Amino acid sequence: MNDQISPTKLGFGILWPAFWTGLPIKLAFAVLFLAFGIVHFETRIALAFMMLLASPVTVFALPTITMGLESHIGEGAGIALLFLLAIPIDIWALGVVGRTFFLERLGREPQDRLGLTLWWKCALVGAIFLPILWVAESAITEGAISAVHSMFESDSLKGIPIAERISIELTLWGTVATGALVLLLVIGFSLVGRVIRGTVKSAGHPSENYQGLITRWDLMRVPEDQGLMLTALSGVAVVLSLLFWSSLPVSTPHPHDCCKKAEVKAAPAFKPLETLNKDEKMIAQLAAKVELLVEQQAEAELEKEQSKEKGKAGKEAVKAPEATEPAPPAAKKP
């Protein structure tokens, strides 16, 4: 056994390969559940959801984070089902990675049910440490954001343009949050390594030499019946694909009525001759209307003039008898 290996390297050497071993299978189930519409998670913490799903130490930490800390990563019965399905996947991945790591790096004989042993120890550490990491990272991020905002509220930094200010703020508090997350992850790897070290020490030494260990390690990765393995994997892939495409058209989300875009009809093809003929007809109709309006206006003015002349003639006829009325007779002299 390599007694000089640190707990951080030991935990990282087990968890990192197990992460990439189980992630593709988990993602296939996650996409299938999303297509069925039984999983809905918040977009703003989608990265946190993927980290919780991919890590083999989060199966017991998820209830603490969601219920104890009231941090909802989403809704739907598919989330609980997804994390339950992740348990056998994590046990299998830790078993494959653990046997390889024990033989190749540590020179120790893998124990029976090594995957199950590594899984419950890693899950126990995750159930205790991940909620602490969640709270600490949230507090550090909020504190960094408020500190950066208060720093830019000072008189000396108020003159910075808005675009540059946003970039600087994001860089400052993002650097602090990222550094804190990396430090907490290193502590988590170290805790996992310390818990796993007892299992490593209890394992015996293999009887083969180095060449025999390499041969055994290679044979562990190659199944005895390769045709059966390929057939099983192909069948599972076909079934999952059929389930995905059969459920996707039904459960595909559609925009809400308030967010629907107006239908835009395609403009008809431009035809020059038809357009010219329409324009000529329209011009002829407009010219006829203009002429009709001019005639109607002329007739209206003529009627007004005739009515005025008739009015004047009537007034003169009334005044004429008054002018020719005879004078009264003069009084006779005695």
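To be clear, the structure that these remarks concern was listed above.
A few points on the structure.

Secondary structure summary: the protein contains nine helices and two strands in total. Start at the N end of the protein and walk to the C end: the helices and strands fall as α-β-α-α-β-α-α-α-α-α-α. A burial count over the protein gives 27% of its 334 residues as buried. Total accessible area on the protein stands at roughly 23,200 Å², and carbon and sulfur atoms take up 66% of it.

Membership of the largest hydrophobic core comes to 25 residues, with the highest contact counts inside it found for Leu 10, Leu 106 and Ile 196. Residue assignment for this core shows that the elements contributing at least two residues are helix H1 (7–36), helix H4 (77–106), helix H5 (114–152) and helix H6 (162–202). When residues in this core are grouped by element, the largest group, eight residues, is from H5. With residues near it in sequence (within four places) discarded, Leu 10 still touches Ile 5, Phe 101, Leu 106, Gly 193, Ile 196, Arg 197 and Val 200. Counting six residues, the second largest nonpolar core, distinct from the first, contains Ala 30, Phe 33, Val 39 and Phe 83.

Positive phi outside glycine occurs at Arg 113, with the angle close to 55°. Locating Arg 113 in the fold gives a position in the loop between H4 and H5. With a relative accessible area of 70%, Arg 113 lands in the exposed category.

Our next topic: the packing of H1 against H6. Here H1 crosses H6 at 90°, and the two axes come no closer than 6 Å. By the angle between their directions, the pair H1 and H6 is classed as roughly perpendicular. Contacts between H1 and H6 involve Pro 7, Thr 8, Leu 10, Gly 11, Phe 12, Ile 14 and Leu 15 on the former and, on the latter, Val 186, Phe 189, Ser 190, Val 192, Gly 193, Arg 194, Ile 196, Arg 197 and Val 200.

Under the counting rule described, the total for this entry stands at two salt bridges. Among the salt bridges present, the one from Lys 26 reaches Asp 90, with a minimum N-O distance of 2.5 Å. Pair noted here: Lys 26 is in helix H1 and Asp 90 is in helix H4, with a separation of 64 residues, a long-range link. Relative accessible area serves as the criterion here: at 2%, Lys 26 is assigned to the buried category. Arg 165 is paired through a salt bridge with Glu 169; the nearest N and O atoms lie 2.9 Å apart. Remark: Glu 169 and Arg 165 occur in helix H6; sequence separation between them is four residues, near one turn of the helix. When its relative accessible area of 10% is taken as the criterion, Glu 169 is described as buried.

Below, the discussion takes up the packing of aromatic side chains. The tally for this structure, following the rule as stated, stands at five aromatic pairs. Ring geometry for Phe 19 and Trp 20: centres 4.8 Å apart, planes at 80°, overall edge-to-face. Trp 20 sits in the partly exposed class, given a relative accessible area of 49%.

For the rest of this paragraph, the subject is H5. Since one α-helical turn is 3.6 residues long, residues separated by three or four positions face the same way. If you check H5, its first and last C-alpha atoms are 54 Å apart, about what 39 residues at 1.5 Å a residue would give, namely 57 Å. At Ala 127, H5 shows its maximal kink, close to 35°; a proline, Pro 131, follows between one and four residues later.

Moving on: the side chain of Thr 100. With respect to the helices, strands and loops of the structure, Thr 100 is situated in helix H4. Overall, the relative accessible area of 7% leaves Thr 100 in the buried class. Here the side chain of Thr 100 touches Val 96 through a polar contact of 3.0 Å, landing on its backbone oxygen.

Once that is clear, we can look at the environment of Glu 137. Structurally, Glu 137 can be placed in helix H5. Here Glu 137 falls in the buried class, since its relative accessible area comes to 14%. The sequence separation of Glu 137 and Thr 178 amounts to 41 residues, and the corresponding C-alpha distance is 9.1 Å. Residues within four places of Glu 137 in sequence aside, it is in contact with Ala 177, Ala 180, Leu 181 and Leu 184.

Turning next to the packing of H5 against H6. The contact between H5 and H6 brings their axes to 8 Å, and the two run at 160°. Between H5 and H6, the crossing angle belongs to the class labelled roughly antiparallel. Pair H5 / H6 crosses with right-handed handedness. Residues belonging to the contact of H5 with H6 are distributed by class as follows: 27 nonpolar, five polar and four charged.

Moving on to a nonpolar patch on the surface. A cluster of nonpolar side chains, namely Phe 36, Ile 38, Leu 81, Val 239 and Leu 243, defines an oily patch on the protein surface of about 380 Å² accessible area. Its place among the elements puts Phe 36 in helix H1. Assessed through its relative accessible area of 39%, Phe 36 is described here as partly exposed.

So, about a negative patch on the surface. Together, Glu 291, Glu 295, Glu 299 and Glu 303 make up a region of like negative charge exposed at the surface. Looking at the element boundaries, Glu 299 is found in helix H9 (residues 272–323). Looking at Glu 299, the relative accessible area reads 51%, which means it is exposed.

What counts as what
- Residues numbered from 1 in each chain as written.
- Predicted model: local features only at pLDDT ≥ 70, side-chain atom pairs only at ≥ 80, totals over all residues.
- Heavy atoms only, no water.
- Helix = DSSP H or I, 4+ residues; strand = E, 2+ residues; numbered from the N terminus.
- Buried < 20%, exposed > 50% of the residue type's maximum accessible area, 1.4 Å probe, protein only.
- Areas by Shrake-Rupley, 256 points an atom, 1.4 Å probe, with all protein chains shown as cover.
- Core = buried A, V, L, I, M, F, W, Y, C linked by side-chain atoms within 4.5 Å.
- Contact = heavy atoms within 4.5 Å.
- Axes fitted to C-alpha atoms, helices over the stretch in contact; angles between N-to-C directions.
- Parallel < 35°, antiparallel > 145°, perpendicular 65-115°, else oblique.
- Salt bridge = Lys/Arg side-chain N within 4 Å of Asp/Glu carboxyl O.
- Phe/Tyr/Trp six-rings, centres within 6.5 Å; stacked < 30°, edge-to-face > 60°.
- Expected span 1.5 Å × (residues − 1).
- Bend = angle between axes of the 7 residues up to and from the residue.
- Polar contact = N/O pair within 3.5 Å; in protein donor to acceptor, adjacent residues only side chain to side chain.
- Left-handed = near helix turned anticlockwise from the far one by under 90°.
- Nonpolar A, V, L, I, M, F, W, Y, C, P; charged D, E, K, R; others polar.
- Patch = residues over 30% accessible without salt bridge, like charges linked within 9 Å, V, L, I, M, F, W, Y side chains within 5 Å.
- Lys, Arg positive; Asp, Glu negative; His and termini not counted.
- Charge placed at Lys NZ, Arg CZ, Asp CG, Glu CD.

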